[in-house]
Amino acid sequence: EAGVAQSPRYKIIEKRQSVAFWCNPISGHATLYWYQQILGQGPKLLIQFQNNGVVDDSQLPKDRFSAERLKGVDSTLKIQPAKLEDSAVYLCASSGRTSGGANEQFFGPGTRLTVL
Amino acid sequence: DQQVKQNSPSLSVQEGRISILNCDYTNSMFDYFLWYKKYPAEGPTFLISISSIKDKNEDGRFTVFLNKSAKHLSLHIVPSQPGDSAVYFCAATFRGTASKLTFGTGTRLQVTL
């Protein structure tokens, strides 16, 4: 079974530029998550999709961040314009049918963003 | 507001010994807890979980203990192996729903020879 794919793996941009990240979840997984992990911290949820609908975007800085999952499969996360504090690893995760109450999320390798 | 806390940023243990990683949470509504392991340049991978209706779950060398009254859980690795060297994240969520995970800040475990 193929895992969660993300691209690019690394990105360096200057502040005020825009950037986009792509995620392809595990086939058949209805739920897709984008997390931001700042150095020294745990991952923090930015947005959660159930198929192509948004379930939770309460912690997404909507003035600069946007995300979409138009066909309910892959997803893109965009930052425009980027700030220095956006430097982080952006992790995509997906989950399928919950089993026995487990909410096991499968994570991609992440995209490391550096904003100069 | 840090709802899930891992107060030890790092831990060093000798190969063959027991590693104990601790986690505390503040939100009593959490009823499902997970441990993830993360190697450099990789995403976190699921390790073991426990429901709030249990106080212990075991999977091979890994055991998670939950003390609900103290809002505390711990991960025991016995015996520790060099390949266990990684960052371990504790996460909490709500059972039965595809809800978000709230992560701690992680503990870096180093298993020495």
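Our structure's up above, just so we're on the same page.
Residues numbered from 1 in each chain as written. Chains lettered and ligands numbered in written order. Predicted model: local features only at pLDDT ≥ 70, side-chain atom pairs only at ≥ 80, totals over all residues. Heavy atoms only, no water.

**Some details on the interface of chain A and chain B**
Contacts between the two partners involve 27 residues from chain A and, on the opposite side, 21 residues from chain B. When chain A packs against chain B, the two sides together hide about 1700 Å² of surface, and 56% of this comes from carbon and sulfur. Between the two partners, chain A and chain B, sit zero salt bridges. Run the count over chain A and chain B and you get three residue pairs in polar contact (both at pLDDT 80 or more). Contributions of two or more residues to the side of chain A that touches chain B are made by strand S4 (31-37), strand S5 (44-50) and strand S9 (88-95) of chain A. Among the elements that line the side of chain A that touches chain B, the one with the most residues is S4(A), at four residues. Partitioning the side of chain A that touches chain B into residue classes produces nine nonpolar, 15 polar and three charged. (Contact = heavy atoms within 4.5 Å. Buried area = accessible area lost by both parts, 1.4 Å probe. Salt bridge = Lys/Arg side-chain N within 4 Å of Asp/Glu carboxyl O. Polar contact = N/O pair within 3.5 Å; in protein donor to acceptor, adjacent residues only side chain to side chain. Helix = DSSP H or I, 4+ residues; strand = E, 2+ residues; numbered from the N terminus. Nonpolar A, V, L, I, M, F, W, Y, C, P; charged D, E, K, R; others polar.)

**Topic: the environment of Asp59(B)**
Residue and element names in this part refer to chain B. Its location among the elements puts Asp59 in strand S6 (residues 56-59). For Asp59, a relative accessible area of 46% corresponds to the partly exposed category. Asp59 sits 52 residues away from Asn7 along the chain, and the two C-alpha atoms are 24 Å apart. Apart from the residues within four sequence positions on either side, Asp59 is in contact with Leu47 and Ile48. (Buried < 20%, exposed > 50% of the residue type's maximum accessible area, 1.4 Å probe, protein only.)

**Concerning the state of the cysteines**
The final tally for this structure, using the stated rule, is two disulfides over all chains. Across a sulfur-sulfur distance of 1.9 Å, Cys23(A) and Cys92(A) are joined as a disulfide pair. One quick way to see it: the torsion about the S-S bond of Cys23(A) and Cys92(A) is about -70°, and its sign makes the bridge left-handed. Of the two residues, Cys23(A) sits in strand S3 (residues 19-24) while Cys92(A) sits in strand S9, which places them 69 residues apart along the sequence. The exposure classification of Cys23(A) matches that of Cys92(A), with both residues buried. In this model, Cys23(B) is linked to Cys90(B) through a disulfide, with the two sulfur atoms separated by 2.1 Å. A torsion of -70° about the S-S bond marks the disulfide between Cys23(B) and Cys90(B) as left-handed. Here Cys90(B) lies in strand S9 (residues 86-93) and Cys23(B) lies in strand S3 (residues 19-25), a separation of 67 residues in the sequence. (Disulfide = S-S within 2.5 Å.)

**Description of unusual backbone geometry**
With an omega dihedral of -10°, the bond running from Ser7(A) to Pro8(A) counts as a cis peptide bond. Mapped onto the secondary structure, Pro8(A) falls in the loop between strand S1 (5-7) and strand S2 (10-13). Of note, the amide linkage connecting Val78(B) to Pro79(B) takes the cis form, showing an omega dihedral of -10°. As for its position among the elements, Pro79(B) is in the loop between strand S8 (72-77) and S9.

By themselves these figures say nothing about function.
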